[in-house]
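Architecture and fold: a report
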Amino acid sequence: MPAGSIDADVAERLETIRREHGEMISIGRIAEIVTDLLDRLKLKQDLRLYTELEQLADYIRDIKAEIAALRPDEIQEHYLPSAADELDAIVEATENATNSILAAAEAIESVAADVDPAIADRLTEVTTSIYEACTFQDITGQRIGKVVKALKVIQGRVETLVNAFGSEIDQIRQKTDAEKAAAGPTAPSEKDLLNGPQLSGAAKSQDDIDALFSGGN
Amino acid sequence: MAVDKGMHVLIVDDYKTMLRILRNLLKQLGFDNIDEATDGSQALQMLRAAGTYGLVISDWNMEPMTGLQLLREVRADAKLKATPFIMVTAESKSENVIAAKEAGVSNYIVKPFNAATLKSKMVSVLGEF
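By convention here, each chain's residues receive numbers from 1 onward along its written sequence. Starting at A for chains and at 1 for ligands, labels are handed out in the order in which the entities are written. Whole-chain, interface and lining totals are the exception, using all residues; otherwise, since this is a predicted model, local features are given only for residues with pLDDT of at least 70 and side-chain atom pairs are given and counted only at 80 or more.

1. Digging into the overall build of chain B
Strands here are runs of E lasting at least two residues and helices are runs of H or I lasting at least four, both read from the DSSP assignment and numbered beginning at the N terminus. Secondary structure summary: chain B contains 5 helices and 5 strands in total. Helices and strands appear in chain B in the N-to-C order β-α-β-α-β-α-β-α-β-α. Here the C-alpha radius of gyration of chain B, 13 Å, is about what a compact globule of 129 residues would show, namely 14 Å. Referenced to the eigenvectors of the C-alpha coordinate spread, the extents of chain B come out at roughly 30 × 30 × 25 Å. Counting other C-beta atoms within 10 Å of a residue's C-beta gives its exposure: the residue is buried at 20 or more, exposed at 12 or fewer, and partly exposed in between, where C-beta atoms are placed from the backbone. Relative to its 129 residues, chain B shows a buried fraction of 36%. Contacts are defined on C-beta atoms placed from the backbone: any two residues whose C-beta positions lie within 7 Å are in contact. In chain B, the proportion of contacts linking residues at least 24 apart, taken out of those at least 6 apart, comes to 62%. The atom set for the radius of gyration is the C-alpha atoms, and the globule formula is 2.2 Å times the number of residues raised to the power 0.38.

2. Observations regarding the packing of helix H3 (residues 72-112) of chain A against helix H1 (residues 16-28) of chain B
The geometry of H3(A) relative to H1(B) is characterised by a closest axis approach of 10 Å and an angle of 20° between their N-to-C directions. Taken as axis vectors, H3(A) and H1(B) run roughly parallel relative to one another. Crossing angle aside, the handedness with which H3(A) passes H1(B) is left-handed. Across the interface between the two elements, A:Glu95, A:Thr98, A:Asn99, A:Leu102 and A:Glu106 of H3(A) pack against B:Thr17, B:Arg20, B:Ile21 and B:Asn24 of H1(B). When residue character is reported, Ala, Val, Leu, Ile, Met, Phe, Trp, Tyr, Cys and Pro are called nonpolar, Asp, Glu, Lys and Arg charged, and the others, Gly included, polar. Among the residues forming the contact of H3(A) with H1(B), the class breakdown is 2 nonpolar, 4 polar and 3 charged. In this analysis an axis means a line fitted to C-alpha atoms, helices contributing only their contacting stretch, and an angle means the value between N-to-C directions, from 0 to 180 degrees. Put simply, angles under 35 degrees are roughly parallel, angles over 145 are roughly antiparallel, angles from 65 to 115 are roughly perpendicular, and the rest are oblique. Each crossing gets its handedness from the near helix: less than a right angle anticlockwise from the far helix is left-handed, clockwise is right-handed.

3. A short note on the nonpolar core
One finds B:Val9, B:Leu10, B:Val56 and B:Ile57 to be the most contacted residues of the largest nonpolar core, which totals 36 residues. Breaking this core down by element, the ones donating at least two residues are helix H4 (117-134) of chain A together with strand S1 (8-12), H1, helix H2 (40-50), strand S3 (53-58), helix H3 (67-76), strand S4 (85-89) and helix H5 (115-126) of chain B. The dominant element in this core, judged by the number of residues it contributes, is H1(B), at 5 residues. In contact with B:Ile57, other than residues within four places in its own chain, are B:Val9, B:Ile11, B:Leu22, B:Ile86 and B:Val88. Working definition: the nonpolar core is a set of buried Ala, Val, Leu, Ile, Met, Phe, Trp, Tyr and Cys residues, joined through C-beta atoms within 7 Å.

4. Looking at the sheet that holds strand S5 (residues 107-110) of chain B
Residue and element names in this part refer to chain B. Taken together, 5 strands build an open sheet; the order of strands is S2-S1-S3-S4-S5 and the sheet is parallel. This sheet does not close on itself; its edge strands, each paired only once, are strand S2 (34-37) and S5. Going across the sheet, the axis of each strand differs from the next one's by a mean of 20°, ignoring polarity. We treat two strands as partners when DSSP finds at least two bridges between them. As paired strands, S1 and S2 are joined by 4 bridges and run parallel to one another. The residue of S2 that forms the bridge with Leu10 is Asp35. Strands in contact with H3 are S1, S3 and S4; relative to S4, the strand with the most contacts, it is inclined by about 175°. Lying over the sheet, H5 contacts S3, S4 and S5, oriented at roughly 175° with respect to S5.

5. Here's the deal with H3(B)
All names here are of chain B. For H3, the full list of buried residues reads Gly67, Leu68, Leu70, Leu71 and Val74. Angularly, the buried residues of H3 cover 155° about the axis, an arc narrow enough to put them on a single face. Where H3 is buried, its residues touch S1, H2, S3, S4 and helix H4 (94-103). To obtain the arc, one takes the directions from the helix axis to the C-beta atoms.

6. Considering the pairing of S1(B)
Sheet faces and side chains relate simply in a regular strand, where the side chains alternate between the two faces. Residues and elements named next belong to chain B. Among the 5 residues that make up S1, 4 are buried, leaving the element largely enclosed by the rest of the structure. Relative to S3, S1 is paired through 5 bridges, and the arrangement is parallel. Residue Leu10 lies in a different strand from S3, and its bridge partner there is Val56.

7. Focus: the interface of chain A and chain B
Each partner contributes to the interface: chain A provides 17 residues, whereas chain B provides 14 residues. At the level of elements, H3, H4 and helix H5 (136-165) of chain A are the ones that each hand at least two residues to the side of chain A that touches chain B. Per-element accounting of the side of chain A that touches chain B gives the leading share, 6 residues, to H5(A). For the side of chain A that touches chain B, the per-class residue count stands at 5 nonpolar, 8 polar and 4 charged.

8. Details of the packing of H4(A) against H1(B)
With their axes 10 Å apart at the nearest point, H4(A) and H1(B) run at an angle of 155° to one another. Taken together, the axes of H4(A) and H1(B) are roughly antiparallel relative to one another. You can see that H4(A) and H1(B) cross each other, and the crossing is left-handed. Contacts between H4(A) and H1(B) involve A:Thr124, A:Thr128, A:Tyr131 and A:Cys134 from the first element and B:Thr17, B:Ile21, B:Asn24, B:Leu25 and B:Gln28 from the second. In terms of residue class, the contact of H4(A) with H1(B) is made up of 4 nonpolar, 5 polar and no charged.

9. Here's the deal with the environment of B:Ala82
Residue and element names in this part refer to chain B. Relative to the helices and strands, Ala82 resides in the loop between H3 and S4. A count of 10 C-beta atoms within 10 Å places Ala82 in the exposed class. For the pair formed by Ala82 and Leu55, sequence separation is 27 residues and the distance between their alpha carbons is 9.8 Å.

10. Brief notes about helix H6 (residues 167-183) of chain A
Here H6(A) spans 24 Å end to end across 17 residues, near enough to the 24 Å set by a 1.5 Å rise per residue. For H6(A), a buried count of 1 out of 17 residues is recorded, marking the element as mostly open to its surroundings. An expected span of 1.5 Å times one less than the residue number is assigned to each helix.

11. A short note on unusual backbone geometry
Following B:Glu63, the chain continues into B:Pro64 via a peptide bond in cis, with omega recorded as 0°. Even without being glycine, A:Arg71 reaches a positive phi, approximately 55°.

So this is what it looks like as structure tokens:
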């Protein structure tokens, strides 16, 4: 075996043995030396394994911190339920609008009985087109229902993630709350004010707004 | 034999708006005796209680009993099994159509549909009117 390929540790041991025992050495002593060498090698391997495990643990800790910083608790508690509520509101609004359109078409159709047959035929033709167009509401309702189901599945998965993280997320939440409290109350920016249409429970009615203008609260 | 437009038609859908649209389109085609159910089990009760429906027009995706389950119950019932049954549904995959055919559906309409399609499928099931 070329000298370059011998481990420095082993080479040093061989040199010491030569110094102490010359070229002749007993079999019992060889066994002791080999056992000692094997112990040292095992220790080196263990150390390398420990180092790799430590690096892996550091990596997992960093990833967990990054995921916790994304605030999956906020996604679970606020954004996903809010998205589902907005979609439900869309279904309700389109259903109400469709029923209003249908009521208007039915009113037009009822007039058909009292007019000239040619006009009556034209009115029936038009109301048929309106009825056909209104079938969109069933399809959009079903499609939105599928999206709401998908959101609920995602919400369940995020909940599992939040439960698995536990204390890490609590720490980040406390830190964020503390930073907000330290910053003190601030006037909302225009961006904060632009939230689009509100769900019925959160919205001010026109009467509420009129009351504000007439000096009420 | 001419189709009796006085026949009782049962329309089944869990969307009230769709029931309203179907009712209006059927009335325009001259069918005035229309009853409504919002799922398969309610429809089955009505069919068994009345026993006089000349046509069932049903959605598929409903709870607790689907349109396909309703169809199978109808075809398995000695008194109801000959009732014409049209499925009107957004389920448009070929396996859906095959399953409905195997269960004995008379015809199949995919939503969204128009009045001409509804009429042509009714004609194919009931005869000219």
